[in-house]
Amino acid sequence: MNSTPTFARMERPKVAVVLRRLAKNATQKNGPHSFQITSPYRGEGPPAIRALDCRPPAKPGDELPMEFVFGTNRCEVWEIEYKPGAKRPTVSVQVYGHMADLYAVATHPRDPNVFATASAADRVYLWNAAERNMVRTAPTGVVGRSVAFSVDPVPASAVYFPGWTPPAKPKPKPKPGQYDVPNPNAPVEIPAGHHLAIGGKFGNVAIIDAVTLQPLAKLKESAKEVSDLKYCQGPRPMLAVGSHDLCVDVYDVERGYVHLSRCQGHQASINHLDWSLPMTLHGVENRRVLQTSCASYEVRSIHWSPYDRVGV
């Protein structure tokens, strides 16, 4: 009896396959089904593909669908589909994403379905929560760190906001049997629209239209990151900007964001701030409390009078 062990011969697994070249000759780099994708944003190059997958057949025996999706380095999901009889594929973005880290989110004060986001890719995005899609995006010129909507619509002004025409509000449809008759005694309404403020990494602040994303103003009082900013309501709308240089800068919104004052006193970078409702303080009406917190767990309340520009 032979005690020598025997080993069954095993085939080596295939570790690679050679794909058939579809190009006409060796000098042609792209095959007949090759194409170049372009960026959905004007003036920017195409994204890089990070992941790729095709749609499998619905059931065994069905024809392989000519459809696949891929993810990009800009956090987007694209779909490419070859429809029957079409020479070129249909390319569309299924899911829009932020090109870099997301830092700030702000909800619209009047429309619960609209919110804005700011990322480190110097872009701002408007989203519709009800429809679950992106409404509009535009470059702002600042590396976003914070974002805020104005509480009330800001009146248009040829002096302080030249070239800005707020989008017209849609008129409600008259009920059956009613006619839209203009009232000659009605006061003339001044066009107004919400503003959107984006605080940047290097201390700059961009003010844009909250619907069209049209640039309106640029602010620069700090050299460090703007960690938070907030608008307040009337009778005098103001914008408070907190930054990592331990200061809070206050601007007059309706006067073209003229700088009103700088509040100092924190011992560390400012993290958050917020306005109170109008109140009577020390016998003076329409005062507001601007409360701030910093990285050293310190909370300060600044009693701000918008009329005499004095913090108490």
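Our subject is the structure that appears above.
Residues numbered from 1 in each chain as written. Predicted model: local features only at pLDDT ≥ 70, side-chain atom pairs only at ≥ 80, totals over all residues. Heavy atoms only, no water.

### Points about the pattern of salt bridges
As enumerated under the stated definition, the model contains 7 salt bridges in all. Taking the shortest distance from any N to any O, the salt bridge between Asp 245 and Arg 262 comes out at 3.7 Å. Within this pair, whereas Asp 245 is found in the loop between β16 (238-243) and β17 (247-252), its partner Arg 262 is found in strand β18 (residues 258-264), the two being separated by 17 residues in sequence. For Arg 262, a relative accessible area of 31% puts it in the partly exposed group. A salt bridge links Asp 252 to Arg 255; the nearest nitrogen and oxygen atoms lie 3.9 Å apart. Shared partners join several salt bridges into a network, and the residues in it are Arg 236, Asp 252 and Arg 255. (Salt bridge = Lys/Arg side-chain N within 4 Å of Asp/Glu carboxyl O. Helix = DSSP H or I, 4+ residues; strand = E, 2+ residues; numbered from the N terminus. Buried < 20%, exposed > 50% of the residue type's maximum accessible area, 1.4 Å probe, protein only.)

### Focus: the nonpolar core
Ranked by internal contacts, the top residues of the largest apolar core, which has 18 residues, are Val 205, Ile 207, Leu 229, Tyr 231, Leu 239 and Tyr 257. Residue assignment for this core shows that the elements contributing at least two residues are β13 (204-209), β14 (215-220), β15 (226-231) and β16. Every residue in contact with Leu 239, bar those within four places of it in the chain, is listed here: Ala 197, Ile 207, Leu 219, Leu 229, Lys 230, Tyr 231, Asp 249, Val 250, Tyr 251, Val 253 and Tyr 257. Ala 116, Val 124, Phe 149 and Ile 198 belong to the second largest nonpolar core, which has 17 residues in total. (Core = buried A, V, L, I, M, F, W, Y, C linked by side-chain atoms within 4.5 Å. Contact = heavy atoms within 4.5 Å.)

### So, the sheet that holds strand β2 (residues 67-72)
The strand order across the open sheet formed by 4 strands is β1-β2-β3-β4, and the pairing between neighbours is antiparallel. Two strands in the sheet have a free side with no partner beyond their single neighbour: β1 (49-54) and β4 (90-95). Going across the sheet, the axis of each strand differs from the next one's by a mean of 25°, ignoring polarity. (Pairing = 2+ DSSP bridges. Axes fitted to C-alpha atoms, helices over the stretch in contact; angles between N-to-C directions.)

### Thoughts on the packing of aromatic side chains
What the rule picks out here adds up to 6 aromatic pairs. Aromatic pair Tyr 125 and Trp 127: ring centres 5.9 Å apart, planes at 25°, arrangement stacked. Note on accessibility: Tyr 125 and Trp 127 belong to one class, buried. Aromatic pair Tyr 231 and Tyr 257: ring centres 6.4 Å apart, planes at 75°, arrangement edge-to-face. Remark: Tyr 257 occurs in the loop between β17 and β18 and Tyr 231 occurs in strand β15; sequence separation between them is 26 residues. Judged by relative accessible area, which is 6%, Tyr 231 ranks as buried. The class of Tyr 257 is buried, set by a relative accessible area of 3%. Among the aromatic side chains, those forming a connected cluster through ring pairs are Phe 161, Trp 164, Tyr 231 and Tyr 257. (Phe/Tyr/Trp six-rings, centres within 6.5 Å; stacked < 30°, edge-to-face > 60°.)

### Considerations on the environment of Arg 88
Within the fold, Arg 88 resides in the loop between β3 (77-81) and β4. Along the sequence, Arg 88 and Ser 34 sit 54 residues apart, while their C-alpha atoms lie 9.6 Å from each other. Not counting residues up to four positions away in its chain, the partners in contact with Arg 88 are Ser 34, Phe 35 and Tyr 82.

Geometric descriptors of this kind do not, in isolation, establish any biological role.
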